Amino acid sequence: MSSGKVRVFREELIRMISILGEIEGRRLDPFSVDVSSLLQRLREIIERERDSEIVVLDAETLYRVTVVLGLQQKWIRDRASSLFIDANLVYSKILSADPRDLVAAFLQAWRPIARIEQISVELLMRGYEHFLSKPARGLAEFGGEVAGYAQQPSYEAIEKQISADLRELLAELSSRRGWTNYWEFIGAKSAEERARRAYLLSYLISRGEVEVRVDTLRREIWIRAADVVSDEPRTTSLVVSLGRGGEAA
Amino acid sequence: MSGEEVGKLEKRLAQAAAMILASGHRLPGVRGWELRRKLGKSFPKVMNALDSRLRQIGLRLKVVPDPDAEPDDYDKARYYIVLADPLTLSDIPTLGYSLDELAILSATLAYLLSRNGSSPEKEVVELLESKYPRWRVEATLERLARRGYLLRSEDGVLSVGWRTFVEVDKQELLKAFASLAPGSGEAPPEQAAEDQAGEEGGEGAVED
C-alpha cells in the first residue's frame with residue numbers, strides 16, 4: 001500500500017472524526033449523519049489498510065460513532081416526550097402569536113421555585129460567633145503587640161524597596177551572561193526567599209526586562225536579561241507549579 | 001401515632017422545609033443526601049408528608065433527578081419547593097419580569113424544547129427579532145441565562161438551563177403552544193412605546 005493512500009485514508013478518518021465531534025459538541029441533529037454508510041466505509045478502510053495510525057484513527061472514529069448512536073437514542077426519547085411537536089410548528093406559532101398569548105401559554109407550564117432569600121437568625125448567630133473567635137489582625141501579625149499606623153512603612157517606602165530589589169535581581173541575572181535555568185536562578189535555602197525571587201522575577205518578565213524560553217520537551221525554563229526592553233504587550237502566561245519538589249514560585 | 005411521634009414529625013417537617021427553602025447554596029434546593037444526613041434514613045416519608053402539607057398552601061415538592069445519575073437515585077436528586085398552581089397574567093407585575101421578557105422566555109423555551117433542548121443562538125435571535133429589537137432580545141437572553149433558564153455555550157449554542165428543568169413542564173408548554181390560536185402577530189402598543197424608549201438608550205423594565 002502506498003503512503004499516498006495511507007494519507008488519503010488518514011485524512012478521510014480525521015474528517016469523519018471531526019464531523020462526528022461537531023455533532024456531539026454543537027448538539028446538532030444526530031440523524032444528520034448516515035451511520036450505516038459510515039460504518040461500511042470504516043470497514044472498507046480497515047480491510048484495505050492495517051497501518052497502525054489508521055487502526056488508531058479507525059478505533060477513534062468507531063468510538064465517535066457509538067457516541068452519536070447514543071445521541072440518536074436520546075434524541076428519539078426526547079422527541080417522544082415532546083409529543084412530536086415539530087420545531088417548524090412552534091416557529092410559526094411564535095411568529096403569528098401575540099406576546100400576551102405567548103406569556104399565557106408559558107404560565108400554564110411554569111411553576112417558579114419558592115425560596116427564602118434572607119439570612120436566618122441561626123446563621124447570623126453562627127457568623128457572629130465566628131467573627132468573635134477571629135483574632136484582631138494587628139495582634140496576629142505583630143506577636144500580640146498592637147501596631148499603629150505610624151509603624152507601618154509608607155507606600156512610597158515599599159515601592160522604593162521593591163524597585164531596588166528588582167534592580168538588584170536584574171543585575172545578578174545580567175552578570176550570568178547567556179541563558180540561565182529558571183529554577184537554578186530562583187533557588188535559595190528558604191522557601192520564603194525562593195518565593196520572593198520568583199515573585200520579583202515575574203515582574204521583570206512582565207516588563208520585558210527578562211526574556212523567557214520554555215523547552216516543553218525537557219520541561220525546562222530558561223531566562224536571560226533582555227538586551228532591548230520590548231514595548232509590545234506581553235500576553236503569554238507562564239505557569240510555574242508550586243509543588244515542584246516543595247519549591248515555591 | 002402518639003403525640004410524641006407527631007411532635008417529632010412536625011419538627012422534621014419544619015427542618016426539611018427550612019433546608020429546602022433557605023438553602024445557603026448559590027443554587028436553590030438541596031440534595032437528597034443532605035436531607036438524609038439531617039432527617040435520617042426515613043427522609044422520603046418526611047418528604048411525602050411535607051408535600052401534602054405544602055399543597056394545602058399552594059406549593060409542592062419537586063424532585064429533579066441528577067442528569068448524571070440513575071433516575072431513582074434519590075440521594076443525588078435535588079429537592080425544590082415550587083408553586084403548585086399556574087400563575088395568571090395579573091400576577092406578572094409581582095414576579096420581577098416584564099410581559100415582554102416572559103414572552104421572550106416563552107418563545108425561546110418552546111423553540112428549544114421542540115428541538116430537543118438546544119439550537120444555535122443565532123437562529124433563536126433571528127426568530128425573536130421578528131417581534132423585538134435585537135438589543136432587547138440580547139439583553140433579555142443574557143438575563144435569562146444568568147437566572148439559569150438558558151445556557152449559552154462558547155460555540156454559539158443556546159440550550160435550556162437547570163432552572164427550566166425545575167420550573168417548566170416541557171409537555172405542558174408544547175401542548176399550550178400547539179393549541180395557540182393564530183393572533184395578530186403585531187407588537188402591542190406598550191411594546192412599541194418601549195421599543196422607542198430603548199432606541200433612545202433606556203433598557204425598559206429589565207432588572208436584576
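Calculation criteria
Residues numbered from 1 in each chain as written. Chains lettered and ligands numbered in written order. Predicted model: local features only at pLDDT ≥ 70, side-chain atom pairs only at ≥ 80, totals over all residues. Heavy atoms only, no water. Salt bridge = Lys/Arg side-chain N within 4 Å of Asp/Glu carboxyl O. Helix = DSSP H or I, 4+ residues; strand = E, 2+ residues; numbered from the N terminus. Buried < 20%, exposed > 50% of the residue type's maximum accessible area, 1.4 Å probe, protein only. Pairing = 2+ DSSP bridges. Contact = heavy atoms within 4.5 Å. Axes fitted to C-alpha atoms, helices over the stretch in contact; angles between N-to-C directions. Patch = residues over 30% accessible without salt bridge, like charges linked within 9 Å, V, L, I, M, F, W, Y side chains within 5 Å. Areas by Shrake-Rupley, 256 points an atom, 1.4 Å probe, with all protein chains shown as cover. pLDDT = per-residue confidence, 0-100.

### Focus on the pattern of salt bridges
Residue and element names in this part refer to chain A. What the rule picks out here adds up to 25 salt bridges over all chains. Note that E172 is salt-bridged to R197, the shortest N-O span being 2.8 Å. Within this pair, whereas E172 is found in helix 8 (residues 155-176), its partner R197 is found in helix 10 (residues 191-206), the two being separated by 25 residues in sequence. A relative accessible area of 28% places E172 in the partly exposed class. Accessibility expressed as a relative area gives 10% for R197, which makes it buried. The network of salt bridges with common partners includes E172, R176, E184 and R197.

### As for the sheet that holds strand 3 (residues 220-225) of chain A
In sheet architecture, strand pairing relies on hydrogen bonds along the backbone and comes in two forms, parallel and antiparallel. Residues and elements named next belong to chain A. The strand order across the open sheet formed by 3 strands is 1-3-2, and the pairing between neighbours is antiparallel. Pairing within the sheet leaves two strands with one partner each, and these edge strands are strand 1 (180-181) and strand 2 (210-215). Looking at chain direction, strand 2 and strand 3 are connected through 6 bridges and run antiparallel. Looking at the pairing, V210 lines up with A225 of strand 3. Along the sheet face, helix 8 touches strand 1, strand 2 and strand 3 and points at about 100° away from the line of strand 3.

### Let's talk about the sheet that holds strand 3 (residues 78-83) of chain B
Residue and element names in this part refer to chain B. What the 3 strands build is an open sheet, ordered 1-3-2; its pairing is antiparallel. In this open sheet, the two strands that pair with only one neighbour each are strand 1 (30-31) and strand 2 (59-64). Pairing of strand 1 with strand 3, which is carried by 2 bridges, proceeds in the antiparallel orientation. Residue pairing across strands places V30 opposite Y79, the latter belonging to strand 3. On the sheet, helix 1 (residues 3-21) packs against strand 1, strand 2 and strand 3 and is oriented at approximately 90° with respect to strand 3.

### Here's the deal with a nonpolar patch on the surface
Residues and elements named next belong to chain A. A grouping of V121, M125, Y128, F131 and L132 is seen on the molecular surface, where their side chains present a nonpolar patch of about 590 Å² in accessible area. Within the element layout of this structure, V121 appears in helix 6 (residues 121-133). Note on V121: relative accessible area 65%, which makes it exposed.

### A few points about the confidence of the model for chain A
Residue and element names in this part refer to chain A. When the pLDDT values of chain A are averaged, the result is 80; 83% of them are 70 or greater. Confidence, read as mean pLDDT per element, is least for helix 7 (residues 137-141) in chain A (60) and greatest for helix 5 (residues 99-109) (93). Ignoring residues within four places in sequence, the model shows residues 243-249, a span with pLDDT below 50, making 18 contacts including any to other chains.

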